[in-house]
Amino acid sequence: MAVIYQAVYRRASSLFCRLHSTYIRKMRYLNELKENDSLCRQAQTSGTFYLFHNLSPFLQKVGKKYLVPQLGAAEMKRILEKFKETEQWIEKSVLIGCSDEHVPHFALDLGALKKSVIESELKGSFTDLRKALFILDEKYSSLLASAQALLRWHDSHQYCSKTGQPTQKNVAGSKRVCHASGIIYYPQMSPVVITLVSDGSQCLLARQPSFPQGMYTALSGFCDVGESVEEAVRREVAEEVGLEVDSLWYSASQHWPFPSSCLMIACHALVRAQAEINMNSLELEEARWFGLEEIMEGLKREPRSSKQADGILLPWFPPKQAIAHQLICEWVKQQTS
């Protein structure tokens, strides 16, 4: 028995090491592409490309599913030639990852070209990212969100904040440099706390006027300068719904591209039982308590099925790709365990 155990252990350890070393090699290769312009330029000739048009990703519908196509370098060259553009357009792309086989992935925004012609040529459509997150499989969400955030950052950081001179993107798009001052700019994310408030038997969800009809989610807000995550959670809950947090704990984090590149830091917060909500109407349109049964029904509901025959809107919650959905599911699990 001991011999069998040792053999199984060695095999499992060997598999773990292989997987681990694959990840390390992949991360080091990506870092090398970011730091070496010549190597990254060479990688663009063999990589795959995800297309955007004014920050909207390109999708194709196959049957009832929406997919995010990857275009090879040769196909990209053909598309650019059709628009009488040079291959130098490829250098406007940004590196967003690579496969385990070290095939690099790039994102390229073709906003200067005619959208309808591209859509007709490639048999698909450019779709607003908010809508895309509702109709795509989860595996695409993180990729498109990070790609759009990086493209948006480059579009809004073309000039040095100190000298006013143009900044230059490196080939990978991992930084911009002001050659007049020597300042290097790196893409940044703004920290945001997103908090599911509970009184032990109910959870609190809210909506802003800009939300789609019927959608409720957890409270969220940007961290102020100098704040800890804990301080930001307590302040946001106090500001938005007039409740004082007794205790809180961290759940997870997620990159989120709205309104720009944000790091969502997800937490649970506990307040006094049956506490009365005192909503800040300047920030929220509605905030209320939800019981377990209503939450479980809402999780099953699709956005388009939220309206009943009598016109009453039933509540629904963010898609699985959003960390608010994870917080709500965690709360349900706590209540039912």
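Criteria and cut-off values
Residues numbered from 1 in each chain as written. Predicted model: local features only at pLDDT ≥ 70, side-chain atom pairs only at ≥ 80, totals over all residues. Heavy atoms only, no water. Helix = DSSP H or I, 4+ residues; strand = E, 2+ residues; numbered from the N terminus. Contact = heavy atoms within 4.5 Å. Domains from an automatic or database assignment. Buried area = accessible area lost by both parts, 1.4 Å probe. Salt bridge = Lys/Arg side-chain N within 4 Å of Asp/Glu carboxyl O. Polar contact = N/O pair within 3.5 Å; in protein donor to acceptor, adjacent residues only side chain to side chain. Nonpolar A, V, L, I, M, F, W, Y, C, P; charged D, E, K, R; others polar. Phe/Tyr/Trp six-rings, centres within 6.5 Å; stacked < 30°, edge-to-face > 60°. Buried < 20%, exposed > 50% of the residue type's maximum accessible area, 1.4 Å probe, protein only. Lys NZ or Arg CZ within 6 Å of the ring centre and 35° of its normal.

Some remarks on the environment of Pro318
Argument step 1. With respect to the helices, strands and loops of the structure, Pro318 is situated in the loop between helix 8 (292-300) and helix 9 (323-336).
Argument step 2. Between the C-alpha atom of Pro318 and that of Ala232, which follows or precedes it by 86 residues, the distance is 22 Å.
Argument step 3. Not counting chain neighbours up to four residues away, the residues in contact with Pro318 comprise Met215, Tyr216, Thr217, Ala324, His325 and Ile328.

Quick look at the domain arrangement of the chain
Argument step 1. One can read the domain layout of the chain as domain 1 (22-157) and domain 2 (190-302 + 312-336).
Argument step 2. Each of domain 1 and domain 2 has a C-alpha centre, and these two points are 32 Å apart.
Argument step 3. Listed per partner, the contact involves 13 residues of domain 1 and eleven residues of domain 2.
Argument step 4. Regarding the contact of domain 1 and domain 2, the summed buried area is about 980 Å², with carbon and sulfur atoms giving 71% of it.
Argument step 5. Counting the surface domain 1 buries against domain 2, the share from its top three residues, Arg130, Leu133 and Phe134, is 45%.
Argument step 6. For the pair domain 1 and domain 2, the interface holds zero salt bridges.
Argument step 7. At the surface where domain 1 touches domain 2, the tally comes to two residue pairs in polar contact (both at pLDDT 80 or more).
Argument step 8. Those elements giving two or more residues to the side of domain 1 that touches domain 2 turn out to be helix 5 (129-135) and helix 6 (138-156).
Argument step 9. Ranked by residues supplied to the side of domain 1 that touches domain 2, first place goes to helix 6 with seven residues.
Argument step 10. Of the residues belonging to the side of domain 1 that touches domain 2, the class tally is six nonpolar, three polar and four charged.

So, the packing of aromatic side chains
Argument step 1. In total, this model carries five aromatic pairs according to the counting rule given.
Argument step 2. Each ring, one from Phe49 and one from Phe106, has its centre 5.4 Å from the other, and the planes form 25 degrees; the classification is stacked. Within this pair, whereas Phe49 is found in strand 1 (residues 48-53), its partner Phe106 is found in strand 6 (residues 104-109), the two being separated by 57 residues in sequence. For the pair Phe49 and Phe106, a shared accessibility class is recorded, and that class is buried.
Argument step 3. Clustering of aromatic rings is evident, with ring pairs tying together Tyr216, Phe290 and Phe317.
Argument step 4. One residue, Arg130, lies across the ring of Phe258, its end atom 4.1 Å from the ring centre.

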